[in-house]
Amino acid sequence: MTCRTKSEEAAAIAIPVYSRPAEKRFLGNENIHEVHDLSNEQPNCQIDEIFRSVHAVVFPYDSLLQAHEDGYTDCIWCLGPRA
């Protein structure tokens, strides 16, 4: 178990978004805890559907590591399977 400070815990919380964020690279689907790479978006990612269903979140530090630490897994279409 990793100990986090209060500020680290607050920073680890995914933030809901309701439109495509221009300044963020990684987008989470809060419903299935899957993270997408918006710089490599594929049709099968269905990013627009994630926004329509109000499940889109971003990560404060906009890092894949942060998404993984928050329990999100990689989308196989835009990030590929993890080895």
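It should be emphasised that the depicted structure is a prediction, and the values quoted were computed from it without experimental measurement.

Undergrad: Got a minute to help me understand the overall build of the chain in this structure?
TA: When you go through the chain residue by residue, the secondary structure sums to three helices and five strands. Evaluated residue by residue, the chain yields a buried proportion of 39% over its 83 residues. Summarising the internal contacts of the chain: among those between residues at least 6 apart in sequence, 69% fall at separations of at least 24. For the chain, the accessible area works out to roughly 5400 Å², and carbon and sulfur atoms hold 53% of it.

Undergrad: I keep staring at the sheet that holds strand E2 (residues 26–29) and nothing clicks. Help me out?
TA: Working definition: the strands of a sheet are paired by backbone hydrogen bonds and lie parallel or antiparallel to each other. Strand order in the open sheet made by the five strands is E1-E4-E2-E3-E5, with mixed pairing throughout. A single partner strand is all that each edge strand has here, and the edge strands are strand E1 (15–16) and strand E5 (73–74). In this sheet, E5 lies alongside strand E3 (residues 34–37) in parallel orientation, the contact comprising two bridges. Across the sheet, the residue bridging to Val 35 is Asp 74, located in E5.

Undergrad: Could you clarify how one ought to interpret the pattern of salt bridges in this entry?
TA: Working definition: two side chains of opposite charge can pair if their charged atoms are close together. All chains considered together, the criterion is met by four salt bridges. Note that Arg 20 and Asp 48 form a salt bridge whose closest N and O atoms lie 3.0 Å from each other. Taken together, the residues span a long stretch of sequence, with Arg 20 in the loop between E1 and E2 and Asp 48 in helix H2 (residues 47–52) at a distance of 28 residues. For Arg 20, a relative accessible area of 41% gives the class partly exposed. Its salt-bridge partner being Asp 37, residue Arg 25 comes within 2.7 Å of it at the nearest N-O pair. Remark: Asp 37 occurs in strand E3 and Arg 25 occurs in the loop between E1 and E2; sequence separation between them is twelve residues.

Undergrad: Would you mind going over the pairing of E2 with me for this structure?
TA: Looking along a regular strand, one sees side chains alternate from face to face of the sheet. Residues Phe 26 and Gly 28 line one face of E2 and the alternating positions Leu 27 and Asn 29 line the opposite face, and both faces are buried. Of the strand pairs in this sheet, E2 and strand E4 (residues 56–58) are connected by two bridges, and their pairing is antiparallel. Among the inter-strand pairings, Gly 28 is bridged to a residue of E4, identified as Val 57.

Undergrad: Can you walk me through the side chain of Lys 24 in this structure?
TA: Its location among the elements puts Lys 24 in the loop between E1 and E2. Of the side chains with opposite charge, Asp 62 comes closest to the buried, unpaired Lys 24, at an N-O distance of 5.2 Å. A polar side-chain atom of Lys 24 sits 3.2 Å from the main-chain carbonyl oxygen of Phe 59. A polar contact is formed between the side chain of Lys 24 and the backbone oxygen of Pro 60, at a distance of 3.3 Å. Each residue touching Lys 24, except ones within four places of it in the same chain, is listed here: Leu 38, Val 58, Phe 59, Pro 60 and Asp 62.

Thresholds, definitions, all that
- Residues numbered from 1 in each chain as written.
- Predicted model: local features only at pLDDT ≥ 70, side-chain atom pairs only at ≥ 80, totals over all residues.
- Heavy atoms only, no water.
- Helix = DSSP H or I, 4+ residues; strand = E, 2+ residues; numbered from the N terminus.
- Buried < 20%, exposed > 50% of the residue type's maximum accessible area, 1.4 Å probe, protein only.
- Contact = heavy atoms within 4.5 Å.
- Areas by Shrake-Rupley, 256 points an atom, 1.4 Å probe, with all protein chains shown as cover.
- Pairing = 2+ DSSP bridges.
- Salt bridge = Lys/Arg side-chain N within 4 Å of Asp/Glu carboxyl O.
- Lys, Arg positive; Asp, Glu negative; His and termini not counted.
- Polar contact = N/O pair within 3.5 Å; in protein donor to acceptor, adjacent residues only side chain to side chain.

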